[in-house]
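# Coordinates in review
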Amino acid sequence: MLLFIALTIAAICLTFWILDTFKINPKDRYILITGCDTGIGNTLAKSLDKKGCYVFATCLTSEGAESLQKVSSDRLYAINMDITNSDSIKTAFDTVEKILLEKNATLWGLVNNAGVPGYPGFYDWWPREVYRRIMDVNLLGPIEVTNVFLPLIRAKGKGRIVNASSGVALTPFSCSGYSMSKCALEAFSDCLRHQLCYTSISVHMIEPTYFLTHMTDATMKSDKIEMAWNQMTQSQRDYYGRSCIDQIIELTKQEQQVSDPNLHLVSDAMEHALFGWFPWRRYPIGGLVKYVARPASVLPAFIVDYLRRVIVPLPKPQGCH
C-alpha cells in the first residue's frame, strides 16, 4: 500500500515536471516590463531580448533607460515611465501603441515588476504619506498600468499578465506597508483573473523570498530607521528605547545577508508565467516561501502568531510591560 502511494505521488510529480517543460516559442512576441532600471526587471528584460522577444522595458530614470539600451539589441525599447504618474503612463502607452501599429503586432505580455520596499519598524513610526507612497507604487501603479495597457493585449484576446508580488503576501511576517501593498496586489490579481475568465488572457503572481536587490538594501533601511528615531516624539522614544532601534537595524543587516543574489530564479519564473503552456497561477520562490510562508497561510492563527515570534522575532520595546 505504501509503495503504491509512493509511486502515485512520484508519477504525479513527474507529470507536473514534464508539463512545466512545455513552452510557447517566445521569439517575436512583444512584452512590456515595468521597473527595468536595475534588479529583477533589468535581468528579465535582457534575458527576453536575447531570446528574440521585442521588449518594452520601462525605466523610472533616463540613466536607467540609457544604460539598458546600450547593452541591448534593437528589439528592446527602453522607455521612461513613472507608474505613479498618469501622464507618464499615457505617454508610454502612446509610444508602445505606435510601435505595435508600425509592426502590425499586439502585446503578448505585461509584467508589473516595479516596486518599492517598505519602511522597517513599527507602524506608528511612520505618517500617512509613507504608506500612501508605498501603495501608490506597489498597488495603484500596477492597477493603472494594467488598465491602460490591457486593451493592447485584449486586441487578440490572449496573452499573459504577470504581477510581482512577494512571499509576505501569503503570510505577512514583517511590519511594514510593503506587506499590506502585496496582499492587496494579490487580491487585485485574483479578481482580475476572474474578470478575464472569458478570454485567453491569464494572470499570474510571482512570490519570491528575499533577493539581493534595492528591496533588501540594509544601508537604505538603516537610514530610514534613523530618520524614524529622529522624528519620534519624546513619549515614543521613551516607550521604544534606543536598543529597540539598534536591534531592528541589525535585523535589516541579517535580512540582506540571507538574500539570494541569483536574480535569475525570479526572472525564470516570470518567463515561465509568460511562455509556459501550463503556467501556474502562483510562483513561490525560495525555501522560506515554499516551506514556511505557504503552509503557514492555511494554519490556525495562533500557530502562525507563534511562528512569527520564532522566525521573525521583533525587539521588545523597553516600555512594554
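Above this note sits the structure.
What you are looking at is a predicted structure, and each value in this text was computed from that prediction instead of being measured.

Reading the values: rules and limits
- Counting of residues starts from 1 at the beginning of each chain's written sequence and follows it residue by residue.
- Thresholds applied to this predicted model are a pLDDT of at least 70 for local features of residues and 80 or more for the giving and counting of side-chain atom pairs; totals over whole chains, interfaces and linings are not thresholded and use all residues.
- Hydrogens are left out, water is left out, and the side-chain values use all remaining heavy atoms of the structure.
- Only centres within 6.5 Å qualify two rings of Phe, Tyr or Trp (six-membered ring in Trp) as a pair; their planes then separate them into stacked at under 30 degrees, edge-to-face at over 60, and tilted for everything else.
- Our definition puts a charge over a ring when NZ of Lys or CZ of Arg is within 6 Å of the ring centre and also within 35 degrees of the ring normal.
- Helix and strand labels come from DSSP, where a helix needs a run of H or I of at least four residues and a strand needs a run of E of at least two; each type is numbered from the N terminus.
- Given a helix with a known number of residues, its expected span is that number minus one, times 1.5 Å.
- Buried residues are those whose accessible area, probed at 1.4 Å on protein chains only, stays under 20% of the maximum for their type, while exposed residues exceed 50% and partly exposed ones sit between those limits.
- A pair of strands is labelled paired if DSSP reports no fewer than 2 bridges between them.
- An axis is simply a line fitted to the C-alpha atoms; with a helix, the fit covers only the stretch in contact. Between two such axes, the angle follows the N-to-C directions and lies from 0 to 180 degrees.
- The criterion is simple. A nonpolar core is a set of buried Ala, Val, Leu, Ile, Met, Phe, Trp, Tyr and Cys residues joined through side-chain atoms within 4.5 Å.
- Contacts were defined at the residue level, with two residues in contact if any of their heavy atoms lie within 4.5 Å.
- Seen with its strands pointing away from the viewer, a crossover is right-handed when the path leading from the first strand over the helix to the second is clockwise.
- Salt bridges are counted wherever a side-chain nitrogen of Lys or Arg sits within 4 Å of a carboxyl oxygen of Asp or Glu.

Turning our eyes to something else, we now look at the packing of aromatic side chains. The full count for this structure, using the stated rule, is 10 aromatic pairs. The structure contains a cluster of three or more aromatic residues connected by ring pairs, namely Tyr30, Tyr54, Phe56 and Tyr77. Over the aromatic face of Tyr119 sits the side chain of Lys224, whose NZ or CZ is 4.0 Å from the ring centroid. The ring of Trp229 has Arg237 lying over it, and the distance from NZ or CZ to the ring centre is 4.8 Å.

With 12 residues, helix α10 (residues 264-275) should cover 16 Å at 1.5 Å per step; its first-to-last C-alpha distance of 16 Å lies within 8% of that length. Of all 12 residues in α10, nine are buried; the element is thus mostly enclosed. By the burial criterion, the buried members of α10 are Val266, Ser267, Ala269, Met270, Glu271, His272, Ala273, Leu274 and Phe275.

The next subject is the sheet that holds strand β2 (residues 54-59). Spatially, β3-β2-β1-β4-β5-β6-β7 is the arrangement adopted by the seven strands of the open sheet, whose pairing is parallel. With one partner strand each, in any of the chains shown, β3 (76-80) and β7 (282-285) form the two edges of the open sheet. Along the sheet, successive strands turn relative to each other by an average axial angle of 15 degrees, direction set aside. Pairing of strand β1 (residues 30-33) with strand β4 (residues 107-112) involves four bridges; the strand directions are parallel.

Next up on the list: the nonpolar core. In this structure, Phe56, Val96, Leu107, Phe149 and Ile161 are the most contacted members of the largest nonpolar core, which totals 32 residues. When residues of this core are traced back to their parent elements, those giving at least two are β1, β2, β3, α4 (86-103), β4, α5 (128-154), α6 (177-195) and β6 (200-208). Not counting chain neighbours up to four residues away, the residues in contact with Val96 comprise Leu32, Phe56, Ile79, Phe149 and Leu152. Membership of the second largest hydrophobic core comes to 30 residues, among which are Ile33, Ala45, Cys59 and Phe211.

Counting buried positions along β4 yields six of six residues, so the element is predominantly enclosed. Handedness of the crossover joining β4 and strand β5 (residues 158-164) through α5 is recorded here as right-handed.

Inspection of every chain in the model, using the stated rule, returns 10 salt bridges. In this structure, Arg193 and Asp190 form a salt bridge, with 2.6 Å as the shortest nitrogen-oxygen distance. On the criterion of helical spacing, the pair formed by Arg193 and Asp190 is a turn pair, its members being three residues apart in helix α6. The class of Arg193 is buried, set by a relative accessible area of 18%. As a salt-bridge pair, Arg282 and Asp190 come within 2.9 Å of each other at their nearest N and O atoms. Placement of Arg282 in strand β7 and of Asp190 in helix α6 is noted, with a sequence separation of 92 residues between them. Looking at Arg282, the relative accessible area reads 23%, which means it is partly exposed. On the accessibility criterion, Asp190 (27% relative accessible area) is partly exposed. Where salt bridges share partners, they join Glu186, Asp190, Arg193, Glu207 and Arg282 into one cluster.

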